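Below are the chains, spelled out letter by letter.
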Amino acid sequence: MRIEKKLNKLDGVAATVNYATEKAKVSVPEGYDPALLIAEVEKTGYSAALPTPARQDSRRDDGKDDADPELDTLRHRLIGSIILTVPVIAVAMIPALQFTYWQWASLALAAPVIVWGAWPFHKAAWINLRHGAATMDTLISMGTSAAFLWSLYALFLGTAGTPGMTHGFEFALAPSDGAANIYLEVGAGVTMFILAGRYFEKRSKRQAGAALRALLELGAKEVAVLRDGVETKIPVEDLTVGDEFIVRPGEKIATDGVVVSGASAVDASMLTGESVPVEVSAGDAVAGATVNAGGRLVVRATRVGSDTQLAQMARMVEDAQTGKAEVQRLADRISGIFVPIVIVIAAITLGGWLGAGFPVAAAFTAAVAVLVIACPCALGLATPTALLVGTGRGAQLGILIKGPEILESTRKVDTIVLDKTGTVTSGKMTLVDVIVEQGTVREELLRIAGALEDASEHPIAQAIAKAATQELGGLPEVESFANIEGKGVQGIVEGRAALVGRESLLSDWSQHLSVEVGRAKAAAEADGKTVVAVGWDGAARGVLVVADTVKPTSAEAIAQMKALGLTPVLLTGDNSAVAQRIAAEVGIDEVIAEVLPQEKVAVVTRLQSEGKVVAMVGDGVNDAPALAQADLGLAMGTGTDVAIEASDITLVRGDLRSAVDAIRLSRRTLGTIKSNLFWAFAYNVAAIPIAALGLLNPMLAGAAMALSSVFVVGNSLRLRGFRSIAKTSA
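Residues numbered from 1 in each chain as written. Predicted model: local features only at pLDDT ≥ 70, side-chain atom pairs only at ≥ 80, totals over all residues. Heavy atoms only, no water.

1. Focus on the packing of aromatic side chains
So, step 1. All chains considered together, the criterion is met by 5 aromatic pairs.
So, step 2. Ring centres 4.6 Å apart and planes at 40° place the aromatic pair W150 and Y153 in the tilted group. A residue pair is termed a helical-turn pair when its members lie 3 or 4 positions apart in one helix, as W150 and Y153 do in helix α7 (residues 136-156) at 3 residues.
So, step 3. Relative to W679, the ring of F678 lies with its centre 5.1 Å away and its plane at 80°, an arrangement referred to as edge-to-face.
So, step 4. In this structure F678 comes out as exposed when scored by relative accessible area, which is 52%.
So, step 5. Its relative accessible area of 45% is what places W679 among the partly exposed residues.
So, step 6. Here the aromatic cluster, defined as three or more aromatic residues joined through ring pairs, consists of F678, W679 and F711. (Phe/Tyr/Trp six-rings, centres within 6.5 Å; stacked < 30°, edge-to-face > 60°. Helix = DSSP H or I, 4+ residues; strand = E, 2+ residues; numbered from the N terminus. Buried < 20%, exposed > 50% of the residue type's maximum accessible area, 1.4 Å probe, protein only.)

2. Some words on the side chain of E437
So, step 1. Of note, E437 is situated in the loop between β14 (425-436) and α17 (442-454).
So, step 2. A polar atom in the side chain of E437 sits 2.6 Å from the side chain of S514.
So, step 3. What E437 contacts, discounting residues up to four positions off in sequence, is L513, S514, V517, A540, R541 and G542. (Polar contact = N/O pair within 3.5 Å; in protein donor to acceptor, adjacent residues only side chain to side chain. Contact = heavy atoms within 4.5 Å.)

3. Section: the packing of helix α5 (residues 102-117) against helix α6 (residues 119-130)
So, step 1. At their nearest, the axes of α5 and α6 sit 5 Å apart, and the two run at 40° to each other. The angle between α5 and α6 places the two elements in the oblique class. Every residue of α6 that contacts α5 at I114, V115, W116 and G117 is listed here: W119, P120 and H122.
So, step 2. Here the residues of the contact of α5 with α6 are counted per class, giving 5 nonpolar, 2 polar and no charged. (Axes fitted to C-alpha atoms, helices over the stretch in contact; angles between N-to-C directions. Parallel < 35°, antiparallel > 145°, perpendicular 65-115°, else oblique. Nonpolar A, V, L, I, M, F, W, Y, C, P; charged D, E, K, R; others polar.)

4. Notes on the sheet that holds strand β15 (residues 478-484)
So, step 1. Strand order in the open sheet made by the 6 strands is β14-β19-β18-β17-β16-β15, with antiparallel pairing throughout. Of all strands in the sheet, those bounded by a partner on one side alone are β14 and β15. Averaged over all pairs of adjacent strands, the angle between strand axes in this sheet comes to 20°, irrespective of strand direction.
So, step 2. Examined bridge by bridge, β14 and strand β19 (residues 539-550) share 8 bridges and lie antiparallel to one another. Each bridged residue has a counterpart across the sheet, and for V436 the counterpart in β19 is G542. (Pairing = 2+ DSSP bridges.)

5. Brief notes about the UniProt feature "transmembrane region" (unreviewed entry) in the chain
So, step 1. Here, the residues flagged by UniProt with the feature "transmembrane region" (unreviewed entry) are residues 78-95, 101-119, 139-160, 180-200, 334-354, 360-383, 676-693 and 699-717.
So, step 2. Taken end to end, residues 139-160 is 82% helix and 0% strand, and its two terminal C-alpha atoms sit 26 Å from one another.
So, step 3. Segment residues 676-693 splits into 94% helix and 0% strand. End C-alpha atoms: 27 Å apart. (UniProt positions renumbered as here; feature names shortened; annotations may be inferred.)

6. Here we look at the nonpolar core
Generally speaking, soluble globular proteins have nonpolar side chains that are buried together.
So, step 1. Membership of the largest hydrophobic core comes to 38 residues, with the highest contact counts inside it found for L418, M561, V617, L634, I649, L651 and L656.
So, step 2. Looking at this core, the elements with two or more residues in it are β12 (399-401), β13 (415-419), α21 (554-563), α22 (576-586), β22 (614-618), β23 (632-636), β24 (649-651) and α26 (657-692).
So, step 3. In contact with L418, not counting residues within four places along its chain, are V424, I558, M561, P568, V569, L570, L571, I588, V617 and L656.
So, step 4. I464, A467, A468 and A498 belong to the second largest nonpolar core, which has 23 residues in total. (Core = buried A, V, L, I, M, F, W, Y, C linked by side-chain atoms within 4.5 Å.)

Here it is, written out as C-alpha cells:
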C-alpha cells in the first residue's frame, strides 16, 4: 500500500502493486526514466528491479528451476529455530526438567533463535520505524526483543541467574520487581511459530510465476526449416517471418503461420477450446504450439517470438495476475490498529508505575510484560494451522488450495464460469450413436468402419476404432489402406472395398445416404455432433455419430452449485449448437459460446464490472488467462500444467463436484481462520490489563501462551471432519 501511494504521487504515473506476485504494473509517460520509479520504491524501504524476460528468468542453463534464496534462508532459519526452541519451551513449562543451570542452557539455546532466527522481523521493524509505520513485524520484534533483554537483565543483574533457580507453577499473582523472571521460552517460541507461518506463505507465493514458465515450455523447441530446398533443424528462436518449415504428424507447430502445402487435422483445443480437431489445408492459418494430428504440413511463418498467439496468452496471464486486487492478510489488517495501541499501553504502564512511586525495575517489568503478552504466538498459528489442516483435508479429497489469499475470494463468489471441453465434458471424442441403412447389420458396420479407422491417426478415427474394439473385441486386417486428404480413408476389409469419411467422399463413388439416414445425420450435426459416413460394395451403409460427451457427475455438480447460491455460466470456444446442447443436458441457463482466449478474459472482466464475484473452472491452456483474471480460479487436475499453475485451486480428480467441495472447504477454512484470529486477539486484549497491573508471572505467561496455541490448533483440527458432497450423495 505504501509503495502504491508513493508511485501514484509521481507526475503522470499510475501504479498497481500486487503483494502476491511481488510485481508493480506501472503506466508512465513516454520516455519516463524507470530509475526514478526504482528510486521512489527504495524510499519506502523496499528494493525493486525491472523484470527480465520470462524465458531467461525462469530457467538456468542446466534446465532446472531457479532456486529461491529467500525461501532457502527462511527454511534454514525455521529448521534451526525448531531444533533450538523445543527444549527451551519444554524445560520452562515443566518444573521437573529444571536442572541446576537450566536458565543458562536456555539462554544459550534461545539467543540464536531470538537474534538470528527473528532477524527478518527485526530488520522489517527497523525499516517500518524509519518510515513511521507499524506492522506485525514491529510487534514481533518488540515483544521478542523485550523478552530477551529483560531475561538478560534478570540473569546478569537480578536473581534469575542463581544456581538452582526454578519457575514454580503458581496461580498466585503478585506484583514483583521481575528480577527473578526470565521470558526466553516466550521469545524463542513466538519466533519459531511466526517463522513457520511465514515459510508456508512464502512457499505458496513462489508459484505466482510458474504459469508463465509452463506456457513458454509449451512451444516447440526446434523446427525443421526449408531454406533453398534443404531441410535444416534450427532452434525455434531463430525462426523469422517468411520461413517455411515442416510439421510431421504428432509434432507441435513451431509458430503462427499459413499452410503452404499438405492437409491434416490440427488439435487446437489448447488455444481455441474447440473439442473437434480442425481440418487444415493450403491457405489455412495455424497457431504455434498446436499439435498436428494427421498428415505432413509445410507452413510459412507469419508471426514469431513475442507476436505469436501463445506469447500473447502468456502476457494475458501475467496482466491478469498483476491486476488482481491485493488481498491483505487478516492479521495485518487488525494489527495496523492493534500494534500502535499496544505500544501506547506499554508506555502508559511504564509511566503510570513510575508516577505511582514504584521502583524502576517493577515499572519496566510491567511494561515488558505488556509487550510480551501482546506478542501472540497464537496469532502466528491462527492462519497456518487452519490452512495446514484445511489444505491437508482438501488434498485427501483431491482439492489443492494454493495459499491463504485464495480463501477470501470464495466467501463472496456468486457466479461460476465453466469451460465446456474437459470440464463439463470429458474432452475426448466418443462414439455416441450408430445409424444403419436398411438391410445393414450394426455390428458389421462398426467392424468394417472400426478396422479402417484403426489404421488412421485422426482423433475422430481413433474414437471410432476404440469403440469398435471395446464392443466387438478384435478388428479385421485392412488391405490397400489410403488416406484421402480432407475427406476420409479407404481400404479393403474382409474382401470389401470400403469408404469411411465425409458424405462427399461417398458421393464421389456414387454412394448416397437414404432420406431417413440423411435426416438423422442432419439432426446430429445441428446438435453439434460430428457424423462420419460409411459405405462398401458400391452402396452407403450408414453413419457413425461422434461427440464430446458430458461427464456423468456434471449435472449433479451444477445442481449443487445452484444450491450454494452460485449462478453457473457455460463459456466455450465451441460453436453455439454444441454449447446449447451441453448446457441443456446439465441444467445451465446462461451460455456464452464461440469465444477466443482473449475474449474469455473479457467475459470474466465484464461479469466482474457488473459487480459479480467470479469463479472460473477450466482445464486448458486457453483457460489460463481467464483463470488468472477470475476472483477465484479452479483448474481440473486432468488438464494442462499451465491451467493448473494459473489457477488458485486445483481439482485433482477432474470431477466437477470437486469444485463445489473446494468452495465449501475454502469457506469453512476461512471461517476457522477468522475464529482463530478473534480468539488469539481476544486472549491478548484480556491479558494486557493483567500484565499492565504487574500481575503476570512468566510461568503463567508461558502457560497462557501454550493454552491459546492449543485452542487455536484444536479449533483448526475440526476441519478434519469436513465431508465431500460427492461421498454423502453416493
